[in-house]
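# Breakdown of the fold
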Amino acid sequence: MDGAATMSEIRQTFSTPVRILLPKLLKSRDGWKAKSHQRKVQLKSAKVKVRDLLASRDRWRQRTEEFQEENRQLREQLERAERERDAARGALTQLEDAKKK
């Protein structure tokens with residue numbers, strides 16, 4: 001049935017009286033509409049959750065990259081400071097050796 005059937009066609013197709021058949025068909029229709037609505041709500045909720053999780057993941061990834069860059073810069077700064085310290089120690093030992101002579 002495609003919804004375009006006439007009452008006489010319905011009476012010929014079904015042996016059950018229309019007064020009994022109609023409430024059952026309406027109940028069935030209302031059931032699948034409610035089920036469809038529930039699934040649409042669940043789908044929308046899932047889409048929102050996925051969107052929020054993707055945004056959160058992007059924020060965390062960005063923060064991680066920033067911290068990695070900051071860590072790299074601090075390591076370079078530490079290496080420069082250690083080289084300067086070693087050079088200063090070397091110069092100090094040279095001065096002490098020259099002072100002793």
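See the structure printed just above.
Residues numbered from 1 in each chain as written. Predicted model: local features only at pLDDT ≥ 70, side-chain atom pairs only at ≥ 80, totals over all residues. Heavy atoms only, no water.

### Side note on the overall build of the protein chain
Definition in use: Working definition: helices are DSSP H or I runs of at least four residues, strands are E runs of at least two. Numbering for both runs from the N terminus. Atoms counted for the radius of gyration: C-alpha only. Globule rule: 2.2 Å times the number of residues to the power 0.38. Exposure is judged per residue with a 1.4 Å probe applied to protein chains only, and the accessible area is read against the type maximum: over 50% gives exposed, under 20% gives buried, and values in between give partly exposed. Accessible areas in this description were obtained via Shrake-Rupley with a 1.4 Å probe; residue shielding takes into account the shown protein chains only. Only four residue types enter the tally: Lys and Arg on the positive side, Asp and Glu on the negative side, with His and both chain ends excluded. To locate a charge, the coordinates of NZ of Lys, CZ of Arg, CG of Asp or CD of Glu are taken.
If you tally the helices and strands in the protein chain, you get 2 helices and 0 strands. Computed over C-alpha atoms, the radius of gyration of the protein chain comes to 40 Å, more than 25% over the 13 Å expected from 2.2 N^0.38 for 101 residues, which places it beyond the range of a compact globule. Reported as C-alpha extents along the three principal axes, the dimensions of the protein chain are approximately 125 × 20 × 15 Å. Across the 101 residues of the protein chain, 2% fall into the buried class. With the model as given, the accessible surface of the protein chain reaches about 9,800 Å², and the carbon-plus-sulfur share is 55%. In the protein chain, 26 side chains carry a positive charge and 16 a negative one; their mean positions are 15 Å apart.

### Overview of the pattern of salt bridges
We apply this condition: The rule for a salt bridge is simple: a side-chain nitrogen of Lys or Arg has to be within 4 Å of a carboxyl oxygen of Asp or Glu.
Tallied over the entire structure, the rule returns 6 salt bridges. Notably, a salt bridge pairs E76 with R72, separated by 2.5 Å at the nearest N-O pair. Of this pair, E76 and R72 are both found in helix α2 (residues 18-100), 4 residues apart, which corresponds to roughly one turn of the helix. Judged by its relative accessible area of 34%, E76 falls in the partly exposed class. For R72, a relative accessible area of 38% puts it in the partly exposed group. The network of salt bridges with shared partners includes E69, R72 and E76.

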